[in-house]
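Residues per chain are reported as follows:
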Amino acid sequence: MSSDRIWFALALVSLLAAGCATQPVVDVQPGERPPLESEEAGFWMVMDRVEERVRTSGHIVRDEQLNAYVRDIFCQLTPDYCNDIRLYLVRSAYFNASMMANGTMQMWTGMLLRVQNEAQIAAVLGHELTHYLRRHTLQRWRDIRAKTDALIFFQLATAVAGVGIVGTFAQLAALGSIQAFSRDMEREADLLGFEIMTKAGYDPREAPKIWEMLIAEKEASNLPKGSIFFASHPTSQERRDTLTKMAAEYDSGTAKLGRERFVEMTARYRGDWLRDELRQRDFGSLQVVLDYLMEAGANPGELQYFQGELHRLRGEEEEDDEAKAVEAYEMAIDTGGGPPEAHRALGLVYWSAGRKDEARGAFEAYIEAAPEADDRAMVEYYLQQFE
Ligand SMILES: [Zn+2]
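Residues numbered from 1 in each chain as written. Predicted model: local features only at pLDDT ≥ 70, side-chain atom pairs only at ≥ 80, totals over all residues. Heavy atoms only, no water.

Undergrad: Looking at this model, I keep getting lost on the overall build of the chain. Mind explaining?
TA: Regarding its fold elements, the chain presents 18 helices and 3 strands. Relative to its full complement of 387 residues, the chain shows a buried share of 52%. Relative to all contacts within the chain whose residues are 6 or more apart in sequence, the contacts with residues 24 or more apart total 69%. Summed over all atoms, the accessible surface of the chain reaches about 18200 Å², with 52% contributed by carbon and sulfur. (Helix = DSSP H or I, 4+ residues; strand = E, 2+ residues; numbered from the N terminus. Buried < 20%, exposed > 50% of the residue type's maximum accessible area, 1.4 Å probe, protein only. Contact = heavy atoms within 4.5 Å. Areas by Shrake-Rupley, 256 points an atom, 1.4 Å probe, with all protein chains shown as cover.)

Here it is in structure tokens:
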């Protein structure tokens, strides 16, 4: 699941300068680094530099507990490669995960928000690991190099890096093929990823569920193409169906989910991740995410609060968003477990609807529920307006 065009292009440009001796592709061995003179070493050197930028980026999640948790799942999944892969959690909305040739793996918090258990995380980790093990970036480079003359290729690579402007149709067509791993590579990553997760005892029926949700999300999305993830993953339906078939054939008698531990480890971050999604204003996509989370069952009060936020921020009359927002906030308050902001949000909706008494009640309840809130003075100011 490659995500960053610029980085990929940097690697491609560097390879043009490096030698191009061809060798058959064999799996990366534990602890292996490509020999200095090799074609692959050029890739790795650029990736190492890019990784330095990733490491120091403000988007990287520094929380030690969460990092240790995901890393632990990875290392149990594949102890031999535990030290070869650096796993970076990236604070970002939407589902995405990616692997660079040198073992730099990125996982977005939008992915952690959407998965339901450790088995689903394991499916993604196994898939990404396969891109690394099978040297898919190197293979991709060789495929493209074989089809494209070096000069055009160089122009493409710089264009992808944002240096130049792509002009001709041929360039555009080739550009599309650079952006993603091939379909065969994605199939291979699904297949080996499936083997890796089942070998570690995880329930394989969880793998297609990720696709199920992403397909539903894409259909409901307000964005023209859905999330960035789909730009590099064109055959979601086929992959879901293949994984479903594989899971049905697999005897998963005692397969584990790791649901309880997952909820325990991620629950405290979920509110922040949902706020990230809200900021995208992609309400169709967010509704699918909320529906899946509600079905899974953890902390419904919190989810009702975000359901209310969705309605309040969308605010469309024909969707009856105002009444739905009130209903969701009230449910969040009755259920408990949601943030105190549910009271404040309810107050705002009542206020804009001209229901002053109810607005006052909601603001007062907010101050009572969160007496130390940073915006207390602001809410007290609102209350004065009702005098
Ligand atoms: Zn992939």
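Undergrad: Please clarify how the side chain of Asp 321 should be interpreted in this entry.
TA: By the secondary structure assignment, Asp 321 is in helix H15 (residues 321-335). At 2.9 Å, the side chain of Asp 321 and the side chain of Arg 314 are in polar contact. A distance of 3.4 Å separates a polar side-chain atom of Asp 321 from the backbone nitrogen of Gly 315. Those residues in contact with Asp 321 that lie beyond four places of it in its chain are His 311, Arg 314, Gly 315 and Glu 316. (Polar contact = N/O pair within 3.5 Å; in protein donor to acceptor, adjacent residues only side chain to side chain.)

Undergrad: Looking at this structure, how should I read the nonpolar core?
TA: Within soluble globular proteins, side chains that are nonpolar tend to cluster in buried spots. Judged by nonpolar contacts, the single largest core of 95 residues is most densely connected at Met 107, Met 111, Leu 112, Ile 121, Leu 125 and Tyr 132. Sort the elements by how many residues they give to this core and helix H5 (residues 118-133) lands first, with 9 residues. Filtering out sequence-adjacent residues up to four positions away, Ile 121 remains in contact with Ile 73, Met 107, Met 111, Leu 112, Val 115 and Phe 262. (Core = buried A, V, L, I, M, F, W, Y, C linked by side-chain atoms within 4.5 Å.)

Undergrad: Explain the packing of helix H13 (residues 283-296) against helix H14 (residues 300-314) here, please?
TA: Two quantities define a packed helix pair, namely the angle between the helix axes and the distance between the axes. Two numbers describe how H13 lies on H14: the axes approach to 10 Å, and their chain directions differ by 165°. On the basis of their axis angle, the class for H13 and H14 is roughly antiparallel. Considering how the two elements wind past one another, H13 and H14 form a crossing that is left-handed. Contact residues: H13 offers Phe 283, Leu 286, Gln 287, Leu 290, Leu 293 and Met 294, while H14 offers Leu 303, Gln 304, Phe 306, Gln 307, Leu 310, Leu 313 and Arg 314. (Axes fitted to C-alpha atoms, helices over the stretch in contact; angles between N-to-C directions. Parallel < 35°, antiparallel > 145°, perpendicular 65-115°, else oblique. Left-handed = near helix turned anticlockwise from the far one by under 90°.)

Undergrad: Even after reading the chapter, I still don't get helix H11 (residues 236-249), so can you show me in this structure?
TA: The periodicity of an α-helix, 3.6 residues per turn, causes residues three or four positions apart to be oriented the same way. When the terminal C-alpha atoms of H11 are compared, their 20 Å separation across 14 residues agrees well with the 20 Å that a helix rising 1.5 Å per residue should span. Taken as a whole, H11 has its buried residues at Ser 236, Arg 239, Arg 240, Leu 243, Met 246 and Ala 247. Here the buried residues of H11 occupy an arc of 130° about the axis, which is enough to place them on one side. Exposed positions of H11 whose direction lies more than 90 degrees from the buried face are Lys 245, Ala 248 and Glu 249. Here the buried face of H11 lies against H5, helix H9 (183-199) and helix H10 (206-220). (Expected span 1.5 Å × (residues − 1). Arc of directions from axis to C-beta.)

Undergrad: When you look at the side chain of Glu 277 in this model, what are you seeing that I'm missing?
TA: Relative to the helices and strands, Glu 277 is located in helix H12 (residues 259-280). The residues touching Glu 277, leaving out its near neighbours within four places in the chain, are Ala 93, Tyr 94, Gly 110, Leu 113, Arg 114 and Leu 286.

Undergrad: Would you take a moment to explain a negative patch on the surface for this structure?
TA: Among the surface-exposed residues, Glu 316, Glu 317, Glu 318, Asp 320 and Glu 322 lie close enough to one another that they form a single negatively charged patch. Considering the arrangement of structural elements, one finds Glu 316 in the loop between H14 and H15. (Patch = residues over 30% accessible without salt bridge, like charges linked within 9 Å, V, L, I, M, F, W, Y side chains within 5 Å. Salt bridge = Lys/Arg side-chain N within 4 Å of Asp/Glu carboxyl O. Lys, Arg positive; Asp, Glu negative; His and termini not counted. Charge placed at Lys NZ, Arg CZ, Asp CG, Glu CD.)

Undergrad: Even after reading the chapter, I still don't get the sheet that holds strand S2 (residues 97-99), so can you show me in this structure?
TA: Hydrogen bonds between backbone groups are what pair the strands of a sheet, and the pairing can be parallel or antiparallel. The sheet built from 3 strands is open, its strands ordered S1-S3-S2 with mixed pairing. Each end of this open sheet is capped by a strand with a single partner; those strands are strand S1 (86-90) and S2. The mean angle between the axes of side-by-side strands here comes to 15°, regardless of whether they run parallel or antiparallel. In this sheet, strand S3 (residues 104-108) lies alongside S2 in antiparallel orientation, the contact comprising 3 bridges. (Pairing = 2+ DSSP bridges.)

Limitation: the analysis is restricted to geometry and does not speak to function.
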